[in-house]
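If you want the building blocks of each chain, they are given just below.
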Amino acid sequence: MILLLLLVVNALFDVVTCISQHPVLIVVSYDAFRYNYFEKNGSLYMDKLRKEGTYADYMLNVFPTKTFPNHHSIATGLYPESHGVVGNSFYDPKLKRVIKMSEEMWRFRDDIIPIWTLNEIRGAGRYSGSMMWPGAKYLYNNKNITYIQDWDIDADWYKRVDTIISWIKNPTKPANLVMLYFEEPDTHGHVYGPESDTVFNLLKRLDNITRYIDDQLLANDLADYVNVIHLSDHGMSSVSPPNFINITQFLKSNTYEIADTSPCLHIIPDSDFEQETYKNLRQASREHGNFSVYWKKDLPSKWHFKNNRRAPPIFVLADPGYAFQDLAEAAQTYALKYHINITPESQFGVHGYDNEDTDMHPFFMARGPKIKKQHKVSPFHTVDLYNLFCDILEIKPVANNGSSANIKAILVSQAERNHFTTLGIAVVAVIVSLMLVSCGAAITLLVIKRQQNITTIAALNKRFPQTFNTNAGIEAQHLLESEEA
Ligand SMILES: *[C@@H]1O[C@H](CO)[C@@H](O)[C@H](O)[C@H]1NC(C)=O
Ligand SMILES: *[C@@H]1O[C@H](CO)[C@@H](O)[C@H](O)[C@H]1NC(C)=O
Ligand SMILES: *[C@@H]1O[C@H](CO)[C@@H](O)[C@H](O)[C@H]1NC(C)=O
Ligand SMILES: [Zn+2]
């Protein structure tokens, strides 16, 4: 009994010491996993998981619906105009050049604190890790987080999972927040289009990796402690070559620069050509249709995109189903690299359109000890996720553009948690009392038994002083009993 008690205590001790003392959260991003890809029936495990935990039909992401702006809004709770990543590339008038993937893209201001940095700021014993999450390898608050694996498209997906599990189980610095990134179904979705068999097969591959994450959590006794949020940054829609608009024909060569890619182009005219460039583009838009042109000041406020020096002086946005010349060029590159023939029917994947376009919507689902079971919430904004992460991690957020009201419904409420805790304590108390009672009873029985034996032996010794010694108690007892009978 005591041995059993020791075993139980030891097991509890093991679990508590092997992972963080803080709540643990893994955030998994599947780039360009459109909200309704579940309907393709390629990701059946994910679909099952979705219904077991909490999910939303879709999330309202930020404009432009591109990878870098959206990943940084998920990580900071800020709109692109506030975190400064206003495109996958953009012109910075202060630096006087086009900014691409680099430290200066992500660290627009020193007071931008992504969730991985905030987690470590909020106290000793909190460690964050990034498995290839866009932008997470750079310094924020003048510090790198504990675990960083840099972007590597060739890195095996299963190894990515094994590595993050090892961070969570690290005996000295157990990670309690891990950001995990997969580049699909974006990369091949661009080449073959969202309705392709290639994307369908990728959904099956991603489904397997999702199952692998759960299997590894179970195999490492982590499933009861770790909360996992699965999401994406944006959706994807199809464009065919007849809908590629050659916009450069409306511009005077060598009088402008273009940043970012279809369907949202940042046009940076040379200083003497601003009016002319705008006028030409507007006229082309009127005659050709299928795209819009804006001065920076006229960009819709609802996009939360224009109040930043990095917002484009002139912005051109293709209508859904359309793209610009840069996609025609990209298509040529795909044709060479992937050995595909381009026909008028070919479909290519494009994202970046208006964030109210449903094709651009990403998915959300979550499961774990802090997440409601078999629950569905109304669609919410991706800028709300920062507050959700903070609630799960039990840390105070910094100022951001999210609302807490929208995400409260995802979490098991404090009252329910207290209820469960009380229940848990009660159950443990009952088990321990039962153990103590049984132990006590066993000890008492042993003592009584021993007393009886001593009494018996004493009696026997008295009667047969020559014959018996203390080792012959049982035999003697039989003898005595038969004599008494
Ligand atoms: C997916 O499965 C559902 C339910 O079985 C079915 O109604 C739907 O048609 C299937 N979709 C496809 C694309 O096969
Ligand atoms: C997914 O895993 C199953 C079972 O391990 C395997 O049979 C299947 O080939 C995998 N599918 C893909 C697309 O990797
Ligand atoms: C977004 O949050 C930042 C930081 O608190 C703030 O400066 C900005 O005004 C907010 N934007 C909106 C539209 O509320
Ligand atoms: Zn993306």
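Since we're looking at a predicted model, the values are computed, not measured.

(A) The overall build of the protein, seen in detail. A tally of regular secondary structure across the protein gives 14 helices and 20 strands. Counting the 485 residues in the protein, one finds 49% classified as buried. The contacts of the protein with a sequence gap of at least 6 include a subset with a gap of at least 24, amounting to 72%. Approximately 23100 Å² of the protein is accessible, and the part contributed by carbon and sulfur atoms is 55%.

(B) Representation of the site of ligand 3 in the model. Lining the immediate surroundings of ligand 3 are Leu78, Ser82, His304, Ala399, Asn400 and Asn401. Asn401 places a polar side-chain atom, nitrogen or oxygen, 2.3 Å from an oxygen atom of ligand 3. Here ligand 3 loses 46% of its free accessible area of 360 Å² to cover by the protein chains. Residue composition of the shell around ligand 3, by class: two nonpolar, four polar and no charged.

(C) Expanded view of helix α12 (residues 385-393). When you tally the buried positions in α12, you get eight out of nine residues, the bulk of the element. Residues of α12 that are buried: Leu385, Tyr386, Asn387, Leu388, Phe389, Cys390, Ile392 and Leu393.

(D) Here's a closer look at the sheet that holds strand β18 (residues 364-367). Strand order across the open sheet formed by eight strands is β7-β6-β8-β1-β9-β18-β2-β19, with mixed pairing between neighbours. Edge strands, defined here as strands with exactly one partner in the open sheet, are β7 (147-149) and β19 (375-377). Pairwise comparison of adjacent strand axes, ignoring direction, gives a mean angle of 15 degrees for this sheet. Pairing geometry for strand β6 (residues 128-131) and strand β8 (residues 177-182), over four bridges, is parallel. Its bridge partner being in β8, Ser128 is matched across the sheet by Leu177. Here helix α9 (residues 197-219) sits on the sheet and contacts β1 (24-30), β8, β9 (226-231) and β18; the angle it forms with β1, its principal contact strand, is near 170 degrees. On top of the sheet, α12 reaches β1, β8, β9 and β18; it is set at about 170 degrees to β9, its chief contact.

(E) Here's a closer look at the pattern of salt bridges. Taken as a whole and judged by the stated rule, the model has 24 salt bridges. The partner of Glu52 in a salt bridge is Arg367, and the shortest N-O contact between them spans 2.4 Å. Placement of Glu52 in helix α2 (residues 44-52) and of Arg367 in strand β18 is noted, with a sequence separation of 315 residues between them. The exposure class of Arg367 is partly exposed, given its relative accessible area of 29%. In this structure, the salt-bridge partner of Glu276 is Lys252, at a minimum N-O distance of 3.3 Å. In this pair, Glu276 is assigned in helix α10 (residues 274-288) and Lys252 in the loop between β11 (244-245) and β12 (256-259), connecting sequence segments 24 residues apart. What you see here is one network of salt bridges that share partners, running through Arg34, Lys40, Glu195 and Asp359.

About the cut-offs
- Residues numbered from 1 in each chain as written.
- Chains lettered and ligands numbered in written order.
- Predicted model: local features only at pLDDT ≥ 70, side-chain atom pairs only at ≥ 80, totals over all residues.
- Heavy atoms only, no water.
- Helix = DSSP H or I, 4+ residues; strand = E, 2+ residues; numbered from the N terminus.
- Buried < 20%, exposed > 50% of the residue type's maximum accessible area, 1.4 Å probe, protein only.
- Contact = heavy atoms within 4.5 Å.
- Areas by Shrake-Rupley, 256 points an atom, 1.4 Å probe, with all protein chains shown as cover.
- Near = heavy atom within 4 Å.
- Polar contact = N/O pair within 3.5 Å; in protein donor to acceptor, adjacent residues only side chain to side chain.
- Nonpolar A, V, L, I, M, F, W, Y, C, P; charged D, E, K, R; others polar.
- Pairing = 2+ DSSP bridges.
- Axes fitted to C-alpha atoms, helices over the stretch in contact; angles between N-to-C directions.
- Salt bridge = Lys/Arg side-chain N within 4 Å of Asp/Glu carboxyl O.

Bear in mind that shape data such as this cannot, by itself, settle questions of function.
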